[in-house]
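Reading the structure
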Amino acid sequence: MDRWEYKSIKFKPGGFFGGKLDEGEFENELNEYGNKGWELISCFDTSFGQGTSREVIAVMKRKKN
(Lines give C-alpha, C1' and ligand atoms only; values in the text may rest on other atoms or scores of the structure.)
Protein backbone atom coordinates (compact mmCIF):
# COMPACT_ATOMS: atom_id res chain seq x y z
CA MET A 1 0.00 0.00 0.00
CA ASP A 2 1.32 3.46 -0.92
CA ARG A 3 1.88 5.95 1.89
CA TRP A 4 1.96 9.71 1.34
CA GLU A 5 3.14 12.79 3.15
CA TYR A 6 1.66 16.24 2.63
CA LYS A 7 2.93 19.81 2.86
CA SER A 8 1.11 23.15 2.73
CA ILE A 9 2.94 26.22 1.46
CA LYS A 10 1.56 29.73 2.03
CA PHE A 11 2.28 32.66 -0.28
CA LYS A 12 1.47 36.24 0.70
CA PRO A 13 0.12 38.32 -2.20
CA GLY A 14 1.39 41.87 -2.48
CA GLY A 15 -0.30 45.06 -3.51
CA PHE A 16 -2.30 47.56 -1.50
CA PHE A 17 -5.39 45.35 -1.35
CA GLY A 18 -3.58 42.03 -1.83
CA GLY A 19 -4.22 39.75 -4.76
CA LYS A 20 -0.98 40.45 -6.65
CA LEU A 21 1.02 37.24 -6.61
CA ASP A 22 4.59 37.33 -7.92
CA GLU A 23 4.25 34.62 -10.58
CA GLY A 24 8.00 34.14 -11.02
CA GLU A 25 8.58 33.65 -7.28
CA PHE A 26 5.55 31.31 -7.12
CA GLU A 27 6.85 29.17 -10.01
CA ASN A 28 10.38 29.07 -8.62
CA GLU A 29 9.13 27.86 -5.24
CA LEU A 30 6.93 25.18 -6.82
CA ASN A 31 9.82 24.03 -9.04
CA GLU A 32 12.13 23.77 -6.02
CA TYR A 33 9.62 21.49 -4.27
CA GLY A 34 9.04 19.55 -7.49
CA ASN A 35 12.77 18.86 -7.76
CA LYS A 36 12.58 17.38 -4.24
CA GLY A 37 9.82 14.96 -5.27
CA TRP A 38 6.77 17.00 -4.20
CA GLU A 39 3.71 17.14 -6.48
CA LEU A 40 1.21 20.02 -6.43
CA ILE A 41 -2.27 18.59 -5.79
CA SER A 42 -4.29 21.70 -4.94
CA CYS A 43 -3.98 25.47 -4.86
CA PHE A 44 -6.49 27.98 -3.48
CA ASP A 45 -6.67 31.42 -1.93
CA THR A 46 -8.18 32.75 1.25
CA SER A 47 -9.91 36.04 0.69
CA PHE A 48 -10.48 39.26 2.57
CA GLY A 49 -13.58 39.70 0.41
CA GLN A 50 -14.42 41.75 -2.67
CA GLY A 51 -11.87 39.87 -4.80
CA THR A 52 -8.79 40.45 -2.63
CA SER A 53 -6.64 37.56 -1.42
CA ARG A 54 -5.12 37.25 2.03
CA GLU A 55 -2.88 34.32 1.08
CA VAL A 56 -2.50 31.61 -1.54
CA ILE A 57 -2.08 28.07 -0.23
CA ALA A 58 -0.48 25.30 -2.29
CA VAL A 59 -0.90 21.70 -1.11
CA MET A 60 1.81 19.24 -2.12
CA LYS A 61 2.28 15.49 -1.69
CA ARG A 62 5.02 12.92 -2.19
CA LYS A 63 5.35 9.22 -1.60
CA LYS A 64 6.84 8.22 1.74
CA ASN A 65 9.92 6.02 1.68
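Data block above holds the structure.
For the structure given in this document, a descriptive report is provided here.

**Quick notes on the overall build of the protein**
Within the protein, the regular secondary structure consists of 1 helix and 3 strands. Listing every helix and strand of the protein by position from the N terminus yields β-α-β-β. A separation threshold of at least 6 residues defines the contact pool for the protein, and within that pool the share at least 24 residues apart is 57%.

**Regarding helix H1 (residues 23–35)**
Taking 1.5 Å of rise per residue, the 13 residues of H1 would be expected to cover 18 Å, and the 18 Å separating its terminal C-alpha atoms lies within 8% of that figure. Within H1, the full set of buried residues consists of Phe26, Leu30 and Tyr33. Down the axis of H1, the sector holding all buried residues measures 60°, keeping them to one side. The residue sitting at the N-terminus of H1 and contributing the capping side-chain oxygen is aspartate 22; that oxygen lies 3.1 Å from the backbone nitrogen of glycine 24.

**Considerations on the environment of lysine 36**
On the secondary structure map, lysine 36 appears in the loop between H1 and strand S2 (39–49). As for lysine 36 and arginine 62, which are separated by 26 residues in sequence, their C-alpha atoms are 9.0 Å apart.

**Considerations on the pattern of salt bridges**
Under the counting rule described, the total for this entry stands at 3 salt bridges. With a shortest N-O distance of 2.9 Å, glutamate 5 and arginine 62 are connected by a salt bridge. Residue glutamate 5 is found in strand S1 (residues 4–11), and its partner arginine 62 is found in strand S3 (residues 52–63); the two are separated by 57 residues along the sequence. The partner of glutamate 55 in a salt bridge is lysine 12, with the nearest N and O atoms 3.2 Å apart. Of the two residues, glutamate 55 is situated in strand S3 and lysine 12 in the loop between S1 and H1; the sequence distance between them amounts to 43 residues. Looking at glutamate 55, the relative accessible area reads 12%, which means it is buried. Overall, the relative accessible area of 63% leaves lysine 12 in the exposed class.

The rules we used
- Residues numbered from 1 in each chain as written.
- Predicted model: local features only at pLDDT ≥ 70, side-chain atom pairs only at ≥ 80, totals over all residues.
- Heavy atoms only, no water.
- Helix = DSSP H or I, 4+ residues; strand = E, 2+ residues; numbered from the N terminus.
- Contact = heavy atoms within 4.5 Å.
- Expected span 1.5 Å × (residues − 1).
- Buried < 20%, exposed > 50% of the residue type's maximum accessible area, 1.4 Å probe, protein only.
- Arc of directions from axis to C-beta.
- Polar contact = N/O pair within 3.5 Å; in protein donor to acceptor, adjacent residues only side chain to side chain.
- Salt bridge = Lys/Arg side-chain N within 4 Å of Asp/Glu carboxyl O.

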